[in-house]
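# Tertiary structure, described
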Amino acid sequence: MSALAKDKLFPALKKRGSVCSPGNHEFRQKEGHWRSKHSVSTVSHSDEPSQRDETSRLTVRVENTYQLGPTKHFPVATVNHILKDVLTAYLQEAEYDPEFCRQMTKTISEVIKAQVKELMIPRYKLIVTVYIGQRDCQSILIGSRCLWNPKSDTVSSYVFRNSTLFALANVYAVYFE
Amino acid sequence: MEEYHRPCDEVGFNAEEAHNIVKECVDGVLGGEDYNQNNINQWTASIVEQSLAHLVKLGKAYKYIVTCAVVQRSAYGFHTASSCFWDTTSDGTCTVRWENRTMNCIVNVFAIAIVL
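Rules used in this analysis
- Residues numbered from 1 in each chain as written.
- Chains lettered and ligands numbered in written order.
- Predicted model: local features only at pLDDT ≥ 70, side-chain atom pairs only at ≥ 80, totals over all residues.
- Heavy atoms only, no water.
- Helix = DSSP H or I, 4+ residues; strand = E, 2+ residues; numbered from the N terminus.
- Buried < 20%, exposed > 50% of the residue type's maximum accessible area, 1.4 Å probe, protein only.
- Contact = heavy atoms within 4.5 Å.
- Areas by Shrake-Rupley, 256 points an atom, 1.4 Å probe, with all protein chains shown as cover.
- Salt bridge = Lys/Arg side-chain N within 4 Å of Asp/Glu carboxyl O.
- Axes fitted to C-alpha atoms, helices over the stretch in contact; angles between N-to-C directions.
- Left-handed = near helix turned anticlockwise from the far one by under 90°.
- Nonpolar A, V, L, I, M, F, W, Y, C, P; charged D, E, K, R; others polar.
- Pairing = 2+ DSSP bridges.
- Phe/Tyr/Trp six-rings, centres within 6.5 Å; stacked < 30°, edge-to-face > 60°.
- pLDDT = per-residue confidence, 0-100.
- Core = buried A, V, L, I, M, F, W, Y, C linked by side-chain atoms within 4.5 Å.
- Buried area = accessible area lost by both parts, 1.4 Å probe.
- Polar contact = N/O pair within 3.5 Å; in protein donor to acceptor, adjacent residues only side chain to side chain.

### Some remarks on the overall build of chain B
Each helix and strand counted, chain B has two helices and four strands in total. Overall, chain B shows an N-to-C arrangement of helices and strands of α-α-β-β-β-β. Out of the 116 residues belonging to chain B, those deemed buried represent 49%. Relative to all contacts within chain B whose residues are 6 or more apart in sequence, the contacts with residues 24 or more apart total 73%. Accessible surface computed for chain B: about 5,600 Å², of which carbon and sulfur atoms make up 47%.

### Structural notes on the overall build of chain A
In terms of helices and strands, chain A carries three helices and six strands. The buried share of chain A, taken over its 177 residues, is 33%. Long-range contacts, defined as pairs at least 24 residues apart, comprise 68% of the intrachain contacts of chain A with a sequence gap of at least 6. As displayed, chain A offers around 10,700 Å² of accessible surface, 52% of which is attributable to carbon and sulfur atoms.

### Re the pattern of salt bridges
Residues and elements named next belong to chain B. In the structure shown here, the tally under the stated rule is eight salt bridges over all chains. A salt bridge links Glu 17 to Lys 60, with the nearest nitrogen and oxygen atoms 3.5 Å apart. Placement of the pair is Glu 17 in helix 1 (residues 15-30) and Lys 60 in the loop between helix 2 (40-57) and strand 1 (62-72), with a sequence separation of 43 residues. With a relative accessible area of 29%, Glu 17 lands in the partly exposed category. Overall, Lys 60 belongs to the partly exposed group, its relative accessible area being 24%.

### Remarks on the packing of helix 2 (residues 76-91) of chain A against helix 3 (residues 98-118) of chain A
Residues and elements named next belong to chain A. Put simply, helix 2 and helix 3 touch, their axes get as near as 10 Å, and they point 145° apart. In the packing of helix 2 onto helix 3, the handedness of the crossing is right-handed. Of helix 3, the residues touching helix 2 (which contributes Val 79, Ile 82, Leu 83, Val 86, Leu 87, Tyr 90 and Leu 91) are Met 104, Thr 107, Ile 108, Val 111, Ile 112, Gln 115 and Val 116. Of the residues that constitute the contact of helix 2 with helix 3, the class distribution is twelve nonpolar, two polar and no charged.

### Observations regarding the sheet that holds strand 4 (residues 140-147) of chain A
Strand order in the open sheet formed by four strands is 4(A)-1(B)-4(B)-3(B), with antiparallel pairing between adjacent strands. Both edges of this open sheet fall to strand 4 of chain A together with strand 3 (92-99) of chain B, since each of them pairs with a single strand only. Averaged over all adjacent pairs, the angle separating strand axes in this sheet is 10°, with direction ignored. Pairing geometry for strand 3 of chain B and strand 4 (residues 103-113) of chain B, over eight bridges, is antiparallel. Across the sheet, residue Arg 97 of chain B finds its bridge partner in strand 4 of chain B, namely Ile 106 of chain B.

### Focus on the packing of aromatic side chains
Taken as a whole and judged by the stated rule, the model has eight aromatic pairs over all chains. Taken together, the ring pairs connect Phe 74, Tyr 124 and Tyr 175 of chain A into an aromatic cluster.

### Points about the confidence of the model for chain A
On average, chain A scores 73 in pLDDT, and the residues at 70 or more come to 66%. The low-confidence segment residues 5-37 of chain A (pLDDT under 50) makes 61 contacts with residues lying over four places distant or belonging to another chain.

### Some thoughts on the nonpolar core
Generally speaking, nonpolar side chains in soluble globular proteins are found buried as a group. Counting residues in hydrophobic clusters, the biggest one holds 29 residues, and the most contacted among them are Phe 13, Leu 30, Cys 105 and Val 107 of chain B. When residues of this core are assigned to their parent elements, the largest contribution, seven residues, is made by helix 1 of chain B. Leu 83, Tyr 124, Ala 169 and Val 171 of chain A belong to the second-largest nonpolar core, a separate cluster that totals 28 residues.

### Remarks on the pairing of strand 4 of chain B
Residues in a regular strand point their side chains to alternate faces of the sheet. Residue and element names in this part refer to chain B. With respect to burial, strand 4 is a largely interior element, ten of its eleven residues being buried. Pairing between strand 1 and strand 4: eleven bridges, direction antiparallel. Within the sheet, the bridge partner assigned to Ile 65 lies in strand 4 and is Phe 110.

### Thoughts on the interface of chain A and chain B
Contacts between the two partners involve 53 residues from chain A and, on the opposite side, 52 residues from chain B. Between chain A and chain B lies a buried interface of about 4,500 Å² when both sides are counted; carbon and sulfur atoms form 54% of it. If you sort the residues of chain A by the area they bury against chain B, Leu 141, Arg 145 and Leu 147 of chain A come out on top, with a joint share of 16%. Counting every contact that joins chain A to chain B gives three salt bridges. The interface formed by chain A and chain B holds 18 residue pairs in polar contact (both at pLDDT 80 or more) in total.

### Considering the packing of helix 1 of chain B against helix 2 of chain B
A pair of packed helices is characterised by two quantities: the angle between their axes and the separation of those axes. Residue and element names in this part refer to chain B. With their axes 9 Å apart at the nearest point, helix 1 and helix 2 run at an angle of 145° to one another. As for how helix 1 packs across helix 2, the hand of that crossing is right-handed. Mapping the contact onto sequence places Ala 18, Ile 21, Val 22, Cys 25, Val 26, Val 29 and Leu 30 in helix 1 and Trp 43, Ser 46, Ile 47, Gln 50, Ser 51, His 54 and Leu 55 in helix 2. Tallied by class, the residues present in the contact of helix 1 with helix 2 amount to ten nonpolar, four polar and no charged.

So this is what it looks like as structure tokens:
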């Protein structure tokens, strides 16, 4: 494989400040059969908008599936339990500390994403957001709006509170049309 | 039958454009205001709805998720993180942080491409 083609296949390797881990599967449908294709996922902890290399974009062309909606819907209740379990496990005994919570938000979001991916719900893209804040007399409001297809897309959410901190985890599941 | 070629998804999500749109919305709603418990609900709703409306006007084939967190400015800490499982070539995200004397506002926009 030429160097240019290799660059196109693994664009993430050129990014600065992010960690690459091969091994995640990306599904691509061809002639009605699922084929798993090895792809690279990146974990980026920078809080600037991610810079993407314009030249290394991979154009994906998929065949028509003639499918109008998901065959298996996203299990909101199951995911609510996952969120509850993960947040309770990580934060039950925790006290608010800036460094600890900074690391925790990233860790928890990765853990939740991994657990929801294990459910193997086909053709769903996931967005996991985690908010952790110190709890004491301050006021906060977190809201969201989504423009999507309500028949196939959904959100799952859980709030955890203890004496010193609160944590909110959301999972948005978007069907890949 | 003619083949339909995907127009804008070839270049992916334009984060800068979204950043500008959202920043304008937040400035419009919260600019010059002080933190007020009574209005906060209305403000977050306006920010999110206006951002969504402007993003839709771009006319691109994307599904959008916009989240907004408004925190009173105090000595207390607040952290947010997000993790996404999607197609990095066509989908994207943008975060806007805004603050004034009495409050902090964090708006996240996630855009997922629709393949036509």
